[in-house]
Structures are given as structure tokens and as C-alpha cells.
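# Reading the structure
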Amino acid sequence: MASFVRPAHPWPTEALWQALQAEWPGITVEVAAELDSTNETLLTRARAGDRTACLLVAEHQRQGRGRQGRRWISAPGDSLTFSVGVPYAPRQWAGLSLAVGVAVAEALAPEVQIKWPNDLWCVGRAPAGEGRKLGGILIETVGTAPATRQAVVGIGLNVRSPDPGPAGWPDPRNRPAGLEELLPGIDAAEVLRRVAPAVVRALREFEREGFPAFRARFEARDLLRGHTVQTTEPEAPEGVALGVDDEGALLVHTAAGVRTVAVGEVSVRPC
Ligand code: BTN
């Protein structure tokens, strides 16, 4: 089905395929040298009726996309970009990005934490209260009836901090992190080998059990808990993050009491 340019680097596709069969029988593994976006490729296939399970990796994305219509920029070799597409029918979808974040963080290092709702941050080597974004998760779906929906879970992880070009980062404190700071010598193929089975396993577990099965594990990796945050939810413009509820909604202690934030953006108020 795929007509991609052959990948430039060796990837552990066979070993990965073997490992993934135990988690999701029949899932296929594909690696492309270059395409627009792994999410878009799998969504296009799903719109054309493909409801098979697939792990698709791209060494380079020409049009990688992030949340809120942002671009996801990554350089070949310096990052891992992949998507998992599966036919999916969880009882409820809320909290799925947190469950995926938990799986990714646990597969990597204790210093990887989750910034609600979709970001992976590196905190361990940073001064208290600070951290830098390491990666992100973008979940998109196709289909109308819950039973026939196809979920596409896209994950981008920096292996090395991206090069900002000659101008540098406008604010060096916002310089993204790279996994090699935590795991010296690691490359994108090894990151994939660690993370992909964990993500596929988490998708199965979430479909069966929902977010409550991940809540305690999320709490152990919750970057925001105890921090003063600002949110895009008008009912909770500012307050202290208290963790999440059983649906993965953020709990914020505001001046008006505890409020839940189900969707939106959150920033940590600088200390
Ligand atoms: C975010 O932090 O905004 C989410 C970024 C998600 C990026 C990944 S890279 C693989 C997949 N394909 C895409 O086009 N985007 C996701």
C-alpha cells in the first residue's frame, strides 16, 4: 500500500513487528524516509476506508503538525516522529492523551513528565519549577459511529534539541529538550523500540479500562501539580493545579473554588 522513499537508516522493523503482535495482533510496521505527516497519511487511509492497525514512522516530515494548528518541526536523525493508527472503540475518549503520555514517559526515563494535556517535558536536570518540552502527542480520529472510528495517535520526540538557526531561541528558557540529555547516545530507532510497544499496550489497556487505570501513574508524572497555572478556560483563568479527575480533566484551585478544565491550553506562571 505504501509507496514511500526507502528509509536512509536501519530501523528495527522486524523486531518491532514481532513485539507489537503480542500487543495488537495484525498490526503492520512501516518506515518512510519522507512524507508530509504520519498523522495525515494514516488519516487519509482511514478516510478511504482502511481500518487496519499500523505503526508508521517517518524519518522526515515535510508538514508535521502539532496541536492547535501549530507546525511540528523536526530534523531527520534529531527526532522521532511516528503515528499509530488503530480501529478504536473505548467507552470514553477523555484522558486518552494522558494515558499515551504515561506510556511514553514510563518507557523513557524518570525525568520525563507530562504537562497536561499532551506534552512531554524533561524536568529532572532542570532547576526546580522549570523544565523544557521534549515532545508532544496529537490524537486525531476518523469516522462517525464509535464502533468504526479510527484513532491516529501521533507522537513527536526530540532526540536532540532542535537547532533554532542563526537567530537562536527568542527565550533560551524555552529551548526544547532532547532525550540524549537524559539518555546519552540514544538514537531515534532505540527510542522507537522502547516507546512503540508501550504505546500500543496502553491503547489496548485504555480501550478496556479507560483513564482510571492510568490515573495513579499519571500522578507520578504530573508536571503541573502544585504549580500556579494559567489556563484558557474562562472559569479557571488562574489557580493551583491539583491533579486530574477520573476523566483526565485538570483540577485547578482558583479563587472561586476548585474548577475542572476538560480542554484547552495551560501555562505555568513563572516563579
Ligand atoms: C504538539 O505538541 O503540538 C503535538 C506534536 C505532535 C507531533 C507528531 S510527529 C508525528 C505525528 N505526525 C504529525 O504530523 N504530528 C504528530
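Before reading further, recall that the structure is shown in the block above.
I will try to describe carefully the structure that is included in this document.

Basis of the calculations
Throughout this document, residue positions are counted from 1 along each chain, in the order its sequence is written. Reporting in this predicted model follows two pLDDT cut-offs: at least 70 for local features of residues, and 80 or more for side-chain atom pairs to be given and counted; totals over whole chains, interfaces and linings ignore these cut-offs and use all residues. With hydrogens and water set aside, each side-chain value is computed from the structure's full complement of heavy atoms. Patch criteria: residues need more than 30% relative accessible area and no salt bridge. Like-charged residues are merged within 9 Å; nonpolar side chains of Val, Leu, Ile, Met, Phe, Trp and Tyr are merged within 5 Å. Areas reported as accessible are Shrake-Rupley estimates using a 1.4 Å probe. Residue values count occlusion only from the protein chains shown. Any carboxyl oxygen of Asp or Glu that lies within 4 Å of a side-chain nitrogen of Lys or Arg is treated as forming a salt bridge with it. Helix and strand labels come from DSSP, where a helix needs a run of H or I of at least four residues and a strand needs a run of E of at least two; each type is numbered from the N terminus. Relative accessibility under 20% of the residue-type maximum defines a buried residue, over 50% an exposed one, and the middle range a partly exposed one, all with a 1.4 Å probe and only protein chains included. A cutoff of 4 Å decides nearness: a residue is near a molecule or strand if any of its heavy atoms lies inside that distance of it. Identification of polar contacts relies on pairs of N or O atoms within 3.5 Å, with a donor-acceptor requirement for protein atoms, meaning one able to donate a hydrogen and the other able to accept it, and with residues adjacent in sequence counted only if both atoms are side-chain atoms. Following the grouping adopted for this structure description, the nonpolar residues are Ala, Val, Leu, Ile, Met, Phe, Trp, Tyr, Cys and Pro, the charged ones are Asp, Glu, Lys and Arg, and the polar ones are all others, Gly among them. Working definition: a ring pair exists when centres of Phe, Tyr or Trp rings (six-membered ring for Trp) sit within 6.5 Å. Plane angles under 30 degrees give stacked, over 60 give edge-to-face, the rest tilted. When DSSP locates at least two bridges between a pair of strands, those strands are taken to pair. Angles shown run from 0 to 180 degrees and are taken between the N-to-C directions of axes, each axis being a line fitted to C-alpha atoms and, for helices, limited to the stretch in contact. Only heavy atoms enter the contact rule, under which two residues are in contact if any of them lie within 4.5 Å. As used here, the arc is the angular range of directions from the helix axis to the C-beta atoms.

As a further point, take a nonpolar patch on the surface. Where nonpolar side chains cluster on the molecular surface, the patch consists of Val240, Leu242 and Val258 and spans about 200 Å² of accessible area. Along the chain, the position of Val258 falls in strand β11 (residues 257-261). Using a relative accessible area of 48% as the deciding quantity, one classes Val258 as partly exposed.

Here we come to the site of the ligand. The full set close to the ligand counts 20 residues, and Ser37, Gln61, Arg65, Arg67 and Lys133 are the nearest of them. Backbone polar atom of Arg65 to a nitrogen atom of the ligand: 2.7 Å apart, as the coordinates give it. Residue Arg67 places a main-chain N or O atom 2.7 Å away from an oxygen atom belonging to the ligand. Here the ligand has 420 Å² of accessible area as a free molecule, and 99% of this is covered by the chains. In terms of residue count, strand β6 (residues 132-142) provides more of the shell around the ligand than any other element does, four residues in total. Along the lines of polarity and charge, the residues of the shell around the ligand split into five nonpolar, eleven polar and four charged.

Let us look at the packing of aromatic side chains. Summed over the entire model, instances satisfying the criterion amount to four aromatic pairs. Clustering of aromatic rings is evident, with ring pairs tying together Trp24, Tyr88 and Trp93.

This part takes up the sheet that holds β6. Taken in spatial order, the seven strands make up an open sheet running β1-β2-β3-β7-β6-β5-β4, and their pairing is mixed. Sheet topology places β1 (28-35) and β4 (112-115) at the edges, where each strand pairs with a single neighbour. Looking at each pair of strands side by side, their axes are set apart by 20 degrees on average, direction ignored. For β4 and strand β5 (residues 119-122), the ladder comprises four bridges, and the chain directions are antiparallel. Paired with Gln113 across the two strands is Trp121, which belongs to β5. Taken strand by strand, helix α1 (residues 13-23) contacts β1 and β2 (54-61), and its axis lies near 140 degrees from that of β1. Relative to strand β3 (residues 79-87), helix α4 (residues 188-209) is tilted by about 25 degrees, and along the sheet it contacts β2, β3 and β7 (150-158).

We now examine the pairing of β4. Because side chains alternate across β4, one face comprises the buried residues Val112 and Ile114, and the other comprises Gln113 and Lys115, equally buried. From the end of β4 to the start of β5, which pair antiparallel, there are three residues.

Let's shift gears to α1. For α1, the set of buried residues is Leu16, Leu20, Gln21 and Glu23. Along the long axis of α1, the arc covered by the buried residues comes to 150 degrees, so they all point the same way. Within α1, the exposed residues directed more than 90 degrees away from the buried face are Glu14 and Ala22. On its buried face, α1 sits against β1, β2 and α4.

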